[in-house]
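Residue-level listing of the chains:
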Amino acid sequence: MSDVHLVHCQQLPEPDPDAALLRDALVEAGLSAHWRAWDDDAVPWRDATLTVLRSCWNYFRQPQDFLAWAERAARVSCLLNPLPVVRGNYHKRYLLELAARGLPVVPTRCLQRGSRARLAELLRHERWARAVVKPAVSAGSYETFVCTGEPGEGERFRALLAGTDVLVQPYLEQVEQDGERAVVWIDGAISHAVRKNPRFAGADESVSDALPVRPAEQELAETVLAPIAAELLYARVDMVRGPKGRPMLMELELIEPSLFLLQHPPALQRLVAALVRRCRTH
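Residues numbered from 1 in each chain as written. Predicted model: local features only at pLDDT ≥ 70, side-chain atom pairs only at ≥ 80, totals over all residues. Heavy atoms only, no water.

Asks: Before we move on, could you go through the pattern of salt bridges and cite the residues and values that matter?
Replies: When their charged atoms lie close together, side chains carrying opposite charge are able to pair. This model, assessed by the stated rule, comprises 17 salt bridges. The salt bridge partner of Glu217 is Arg181, with a shortest N-O separation of 2.8 Å. Taken as a pair, Glu217 in helix H8 (residues 215-225) and Arg181 in strand S9 (residues 180-186) lie far apart in primary sequence, 36 residues in all. The same class applies to Glu217 as to Arg181, namely buried. Glu217 is paired through a salt bridge with Arg214; the nearest N and O atoms lie 3.4 Å apart. A relative accessible area of 3% means that Glu217 is categorised as buried. When salt bridges that share partners are traced, they join Asp178, Arg181, Arg214, Glu217 and Arg241 into one network. (Salt bridge = Lys/Arg side-chain N within 4 Å of Asp/Glu carboxyl O. Helix = DSSP H or I, 4+ residues; strand = E, 2+ residues; numbered from the N terminus. Buried < 20%, exposed > 50% of the residue type's maximum accessible area, 1.4 Å probe, protein only.)

Asks: Give me the lowdown on the layout of surface pockets, citing residues and values where you can.
Replies: One number sums up the size of the second largest pocket: a volume of about 270 Å³. Taken together, 15 residues form the lining of the second largest pocket, with Phe60, Pro63, Val137, Gly163 and Thr164 sitting closest to its centre. Breaking the lining of the second largest pocket down by element, the ones donating at least two residues are helix H2 (63-76) and helix H6 (151-163). For the lining of the second largest pocket, the per-class residue count stands at seven nonpolar, four polar and four charged. (1 Å grid on protein atoms, 1.4 Å probe; cavity = no way out; pocket = protein on both sides within 12 Å on 5 of 7 lines; lining within 4 Å. Points joined across faces, edges and corners; volume = space filled by probe spheres on them. Nonpolar A, V, L, I, M, F, W, Y, C, P; charged D, E, K, R; others polar.)

Asks: Which residues make up the sheet that holds strand S2 (residues 32-37), and what values go with them?
Replies: The pairing of strands in a sheet happens through backbone hydrogen bonds and is either parallel or antiparallel. Pairing in this open sheet of four strands is parallel, and the strands run S2-S1-S3-S4 from one edge to the other. The open sheet has two edge strands, S2 and strand S4 (78-80), and neither has a second partner. Sheet twist, expressed as the mean angle between neighbouring strand axes with direction ignored, is 25°. Relative to S2, strand S1 (residues 3-8) runs parallel, the two being bridged by six bridges. Bridge pairing in S2 links Val7 to Arg36. Lying over the sheet, helix H1 (residues 19-28) contacts S1, S2 and strand S3 (50-55), oriented at roughly 145° with respect to S2. Each of S1, S3 and S4 touches helix H9 (residues 265-280); the most contacted strand, S3, lies at about 155° to it. (Pairing = 2+ DSSP bridges. Axes fitted to C-alpha atoms, helices over the stretch in contact; angles between N-to-C directions. Contact = heavy atoms within 4.5 Å.)

In structure tokens, the structure reads:
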């Protein structure tokens, strides 16, 4: 029997609503499925036919340890999403690379750790009345905040920049009306979308029921994913309506995104079918 290791972490920062759903569906499909923590040194990863990244939501706190673990797991099992995808997605500099391809990405400044940049000066230079600041390696809105360049915010910005690379983006007012739209892609096809309310450090996530994907959203998601689609098991393309009404990419989640399987059972069925098929070929 094929053994699927579903990867989480020893101490989840928040519950994973899809955890029991996914494991039970895999068992019902005839697979041996177990939740395993990437940060548990006792796990025998070579026993897994597939090692599937899911709620490893603390990886950003130890990114180099996580990448080293992913390399070890990929040597002895089939890692999904695969190692090159993980390496390319863990640091949000990928947004600059996508923008360089001409894709409609929310304008992004990436500042290196230790930079002496000043938040108020940056906002004045970019002509951004409000901005979003976040670590360049993060998950779950960790240390993400909205700012206007006030002195206290500048101190928080400098403290963050002293320890990590930092992204600064304009705050798009449209998010207050339309929310963030998360478009879910599974095994070669767009599945569904959900609406997420803006989330900042310390806030809980608020997610809608499953929604149909708008044509412009589907076009953007497929364009973003096209160069790597053949490598992926899943993806989530987070976007927001831009000033001209067209969707703009906020983040491309390829490592451990929630796929909102609870909101859309056909997505769960598609994911399970994809894993069953991959088990047969490994």
